[in-house]
Amino acid sequence: MTREQEQTLLIEQATRWLVLLRSGQASREDWQAFVAWRERDQRHQQLCDQLEQTLGAFRVAKAQGVRGEQLQRTLSAAGASRRRLLYGALVGAGVMLCAGLLADRQVPLEELGADLHTATGRRQRVTLDDGSELVLNARSAVDVDFTPQRRLVRLRRGEIQLHVAGDTRPMLIASPFGQVFSRGGRLQLRQGEERCTASALEGALELATLAGERLQLPRRQQVSFDRYAFALPAPLLGGEGAWVDGLLEVRNQCLADVLDALRPYRSGVLRVDPAVAGLRVSGLFRLDDSDQALDVLARTLPIRVARRTDLWVSVGPA
Amino acid sequence: MPGADNSHGQVVGLLFRDHYDWLQGRLRRHLESGASAEDLAAETFVQLLASPVLAPIREPRALLTTIARRLLFQLWRRRDLERAYLQNLDPEAADERSPEQIAELLEALQRIDQLLDGLPAKVKATFLLSQIDGLTYPEIARTLGISQRSVSDYMARALQRCLKASLS
């Protein structure tokens, strides 16, 4: 008999004894037989001792006057919120295991006023001369224009995250659709074809569209806007800033948005069929390996990723 | 092999120097207070140090993220239990328990939760009525509205689980 088989047998025997002894119907002879069984073999004795130790946690609860029914209610309440959590979190966990993270280059900025821009698939981290930290997402471009009176960052293309250092001068981030004004904290601004999205990661923001409409955006909220007006602000989902670490964190967003986020990391065309553009996606993807991200999407969604050439990829129904 | 342990310690030391701040920053985004992000990041390195060296660490940040994620789940799990404790157990005995007793009880809850994790609700209920309240099988059968035969089966499942946990 292997050690494993031996243990299984031992557990079976012990279980039979314990089930009988706890029934409330065990006789004096049953108890005597159990004691004899326990003393017959050192392993039996040992297992019984170890079980007493394991059950110590129940003794603590009992000693504090907790009833079985209360304990059951407590455990099941905790279990319910855990299941909700796991449902959301585990979607990405499998992907996480293979997601290596690449360190960003840290580049000191020597010349202010110079255009900063990143190529396809590259991010860049820059420390501005006031100590603010600027991160450019792939295929992004900004101008930095500081004077003794004000700090101005002009977003020309793509997406930035800015950790605004404390300073007496206000920090203004300008885009073709409007302006964002920050007194400190961390913010993010993404510029699309027709609109901009501002996220207040830490600290509140003040915004103004080009047409002059104004909005106070509380911290942990985001809002998109065009030249004229704001959409309804919404709470941050939590994964908005993950691209800084080379990750795309998606929680129940539509496929088209996910592909939009991958696009700056790919040369060539990435086309999405409107029939699947609205599919909901959750997960964690590695931006620096967008082909892998597409493969994961193809495995988990009813879609087909057709690679005509490396430069022409289209995503359609399976 | 003490030599290998030592070099593992050195590797982890280097990783700590290069990645601790980064990890802490990442964790902070998932947690409310900076202090526990520090604890969690530190605990991640402690676990890495204690884990056997299986292969050279090629992608340290991926590995650290995996360990930290596991710790984060444990932390969330503990918080869920604490919240459930406050809602279900505390109101009735709030004034009577000392902070030490509450800490002791929460720790016991966590161990019980781990021990019984995954067992069906009826099995848990049966076992708790026996183990905590000391009810006999006929009493449990009446309380839960199930047969005595089911009580025996459920007890066997729960006890088997406890015995297995005692052996490992």
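Residues numbered from 1 in each chain as written. Chains lettered and ligands numbered in written order. Predicted model: local features only at pLDDT ≥ 70, side-chain atom pairs only at ≥ 80, totals over all residues. Heavy atoms only, no water.

## A few points about the overall build of chain A
Quick note on the threshold: Think of it this way: any DSSP run of H or I at least four residues long counts as a helix, any run of E at least two long counts as a strand, and we number them from the N terminus. In this scheme, a residue with accessible area under 20% of its type's maximum is buried, one over 50% is exposed, and one in between is partly exposed, where area comes from a 1.4 Å probe on protein chains only. Whether two residues are in contact is decided by their heavy atoms, any of which lying within 4.5 Å being enough. Here the accessible surface of atoms and residues is derived via Shrake-Rupley with a 1.4 Å probe, and residues count as covered only by protein chains that are part of the display.
Counting its regular elements, chain A contains eight helices and 19 strands. In chain A, buried positions account for 47% of the 318 residues. Long-range pairs, those at least 24 residues apart, make up 43% of the contacts in chain A between residues at least 6 apart in sequence. Of the roughly 16300 Å² that chain A leaves accessible, carbon and sulfur atoms contribute 50%.

## Comments concerning the pattern of salt bridges
Charged atoms that come close allow side chains of opposite charge to pair. All names here are of chain A. In plain terms, the rule: When a carboxyl oxygen of Asp or Glu lies within 4 Å of a side-chain nitrogen of Lys or Arg, that pair is called a salt bridge.
Summed over the entire model, instances satisfying the criterion amount to 23 salt bridges over all chains. With a shortest N-O distance of 2.8 Å, Arg-43 and Glu-6 are connected by a salt bridge. One end of the pair, Arg-43, is in helix H3 (residues 42-54); the other, Glu-6, is in helix H1 (residues 3-21), and 37 residues separate them in sequence. Its relative accessible area of 42% is what places Arg-43 among the partly exposed residues. Each member of the salt-bridge network shares a partner with another, and the members are Asp-130, Arg-151, Asp-167 and Arg-169.

## Details of the layout of surface pockets
Taking a probe equal in size to a water molecule and rolling it over the atoms shows the remaining empty space. Residues and elements named next belong to chain A. Rules: Here a cavity denotes grid points, spaced 1 Å and computed from the protein atoms alone, that fit a 1.4 Å probe unable to get out, and a pocket denotes an open set having protein on both sides within 12 Å along at least 5 of 7 lines; residues with an atom within 4 Å of a point are the lining. Grid points are joined across faces, edges and corners, and a volume is the space filled by probe spheres set on the points. When residues are sorted by character, Ala, Val, Leu, Ile, Met, Phe, Trp, Tyr, Cys and Pro go into the nonpolar class, Asp, Glu, Lys and Arg into the charged class, and all the rest, Gly among them, into the polar class.
Here the second largest pocket is characterised by a volume of approximately 1300 Å³. Around the second largest pocket, the lining is made up of 44 residues, and of these Glu-159, Arg-190, Asp-257, Asp-260 and Ala-261 lie nearest the centre. Elements with a contribution of two residues or more to the lining of the second largest pocket: strand S6 (151-164), strand S9 (185-191), strand S10 (196-202), strand S13 (221-225), strand S14 (234-235), strand S15 (247-254) and helix H6 (255-262). It is S15 that provides the largest number of residues to the lining of the second largest pocket, a total of eight residues. Here the residues of the lining of the second largest pocket sort into 16 nonpolar, 13 polar and 15 charged.

## A word on the nonpolar core
Under the convention used in this document: In plain words, nonpolar cores are sets of buried Ala, Val, Leu, Ile, Met, Phe, Trp, Tyr and Cys residues tied together by side-chain atoms within 4.5 Å.
Among the nonpolar cores identified, the biggest contains 47 residues, and A:Phe58, A:Leu71, B:Leu116 and B:Phe127 are the most heavily contacted of them. Within the second largest apolar cluster, 29 residues are counted, among which are A:Ala138, A:Val281, A:Leu287 and A:Val305.

## Points about the interface of chain B and chain A
Put simply, the test is: Summed over both partners, the accessible surface that disappears when two parts come together, traced with a 1.4 Å probe, is what is meant by buried area. N or O atoms within 3.5 Å of each other form a polar contact, as long as, within protein, one can give a hydrogen and the other can take it, and as long as residues adjacent in sequence are counted only when both atoms are side-chain atoms.
Contacts between chain B and chain A engage 56 residues on the former and 56 residues on the latter. Interface of chain B and chain A: buried area, both sides summed, is about 5200 Å²; carbon and sulfur atoms make up 63% of it. Viewed at the interface, chain A and chain B are joined by zero salt bridges. Counting every contact that joins chain B to chain A gives eight residue pairs in polar contact (both at pLDDT 80 or more). Elements supplying a minimum of two residues to the side of chain B that touches chain A: helix H1 (2-28), helix H3 (60-88), helix H5 (99-116), helix H6 (121-131), helix H7 (137-144) and helix H8 (148-167) of chain B. When residues of the side of chain B that touches chain A are assigned to their parent elements, the largest contribution, 13 residues, is made by H3(B). A breakdown of the residues in the side of chain B that touches chain A according to their chemical character gives 28 nonpolar, twelve polar and 16 charged.

## Re the confidence of the model for chain B
Our working rule: The pLDDT value tells you how sure the predictor is about a given residue, anywhere from 0 up to 100.
Summing up the model confidence of chain B, the mean pLDDT is 79 and the portion of residues at 70 or higher is 83%. The complex model carries a pTM of 0.46, and its ipTM stands at 0.70.

## Some details on the pairing of strand S12 (residues 214-217) of chain A
Residues and elements named next belong to chain A. Applicable threshold: For two strands to pair, DSSP has to find at least two bridges joining them.
Of the strand pairs in this sheet, strand S11 (residues 205-209) and S12 are connected by four bridges, and their pairing is antiparallel. Pairing of Leu-205 across the sheet is with Leu-217, part of S12. Counted between consecutive antiparallel strands, the loop separating S11 from S12 contains four residues, among which Gly-212 sits at a positive phi close to 105°.

## Thoughts on the packing of H3(A) against helix H4 (residues 56-63) of chain A
Residues and elements named next belong to chain A. Note the threshold: Axis angles are defined between N-to-C directions and span 0 to 180 degrees, where every axis is a line fitted to C-alpha atoms and, for a helix, only to the segment in contact. What sets the label is the angle itself: under 35 degrees gives roughly parallel, over 145 gives roughly antiparallel, 65 to 115 gives roughly perpendicular, and the rest give oblique.
Look at H3 against H4: their axes get within 4 Å of each other, and the N-to-C directions meet at 40°. Here H3 is positioned oblique relative to H4, judged by the angle of their axes. Each of Glu-52, Gln-53 and Thr-54 in H3 lies in contact with H4, whose residues at this interface are Gly-56, Ala-57 and Arg-59. Split into classes, the residues belonging to the contact of H3 with H4 amount to one nonpolar, three polar and two charged.

## Description of the side chain of A:Arg169
All names here are of chain A. Its location among the elements puts Arg-169 in the loop between S6 and strand S7 (171-175). For Arg-169, the side chain forms a polar contact with the main-chain oxygen of Thr-147, separated by 2.8 Å. Discounting chain neighbours no more than four positions away, the residues touching Arg-169 are Asp-130, Phe-146, Thr-147, Pro-148, Gln-149, Arg-150 and Arg-151.

## Examining the side chain of A:Gln188
All names here are of chain A. Structurally, Gln-188 can be placed in strand S9. Within the structure, Gln-188 has its side chain in polar contact with the side chain of Glu-159 (distance 3.2 Å). Side-chain polar atoms of Gln-188 contact the backbone oxygen of Glu-240, separated by 2.9 Å. When sequence neighbours within four positions are dropped, the list of residues in contact with Gln-188 reads Glu-159, Ile-160, Gln-161, Thr-197, Ala-198, Ser-199, Leu-201, Glu-240, Gly-241 and Trp-243.

## Examining unusual backbone geometry
Residue and element names in this part refer to chain A. Phi angles above zero are rare outside glycine, and Arg-139 is one such case at about 50°. For Arg-139, the location among the structural elements is in the loop between strand S4 (133-136) and strand S5 (141-146). In this structure Arg-139 comes out as partly exposed when scored by relative accessible area, which is 25%. The residue Asn-252 is not glycine, and still its phi comes out positive at about 50°.

## Quick look at empty space enclosed by the protein
What the rule picks out here adds up to two cavities of 30 Å³ or more. Estimates place the volume of the second largest cavity at around 40 Å³. If you go around the second largest cavity, the residues you meet are A:Ala14, A:Leu18, A:Phe34, A:Trp37, A:Leu47, A:Cys48, A:Leu51 and B:Leu163. Of all the secondary structure elements, the ones that give two or more residues to the lining of the second largest cavity are H1, helix H2 (28-40) and H3 of chain A. With three residues, the single largest contributor to the lining of the second largest cavity is H3(A). Class assignment of the residues belonging to the lining of the second largest cavity gives a composition of eight nonpolar, no polar and no charged.

## Points about the packing of aromatic side chains
All names here are of chain A. Put simply, the rule reads: The aromatic pairing rule takes the rings of Phe, Tyr and Trp, using the six-membered ring of Trp, and pairs them if the centres are within 6.5 Å, calling planes under 30 degrees apart stacked, those over 60 edge-to-face and the rest tilted.
A full pass over the atoms with the stated rule returns six aromatic pairs over all chains. Judged by centre distance (6.1 Å) and plane angle (25°), the ring pair of Phe-34 and Trp-37 falls under stacked. Remark: Trp-37 and Phe-34 occur in helix H2; sequence separation between them is three residues, near one turn of the helix. We note that Phe-34, like Trp-37, is buried. Ring geometry for Phe-225 versus Phe-230: centroids 5.5 Å apart, planes at 55°, classification tilted.

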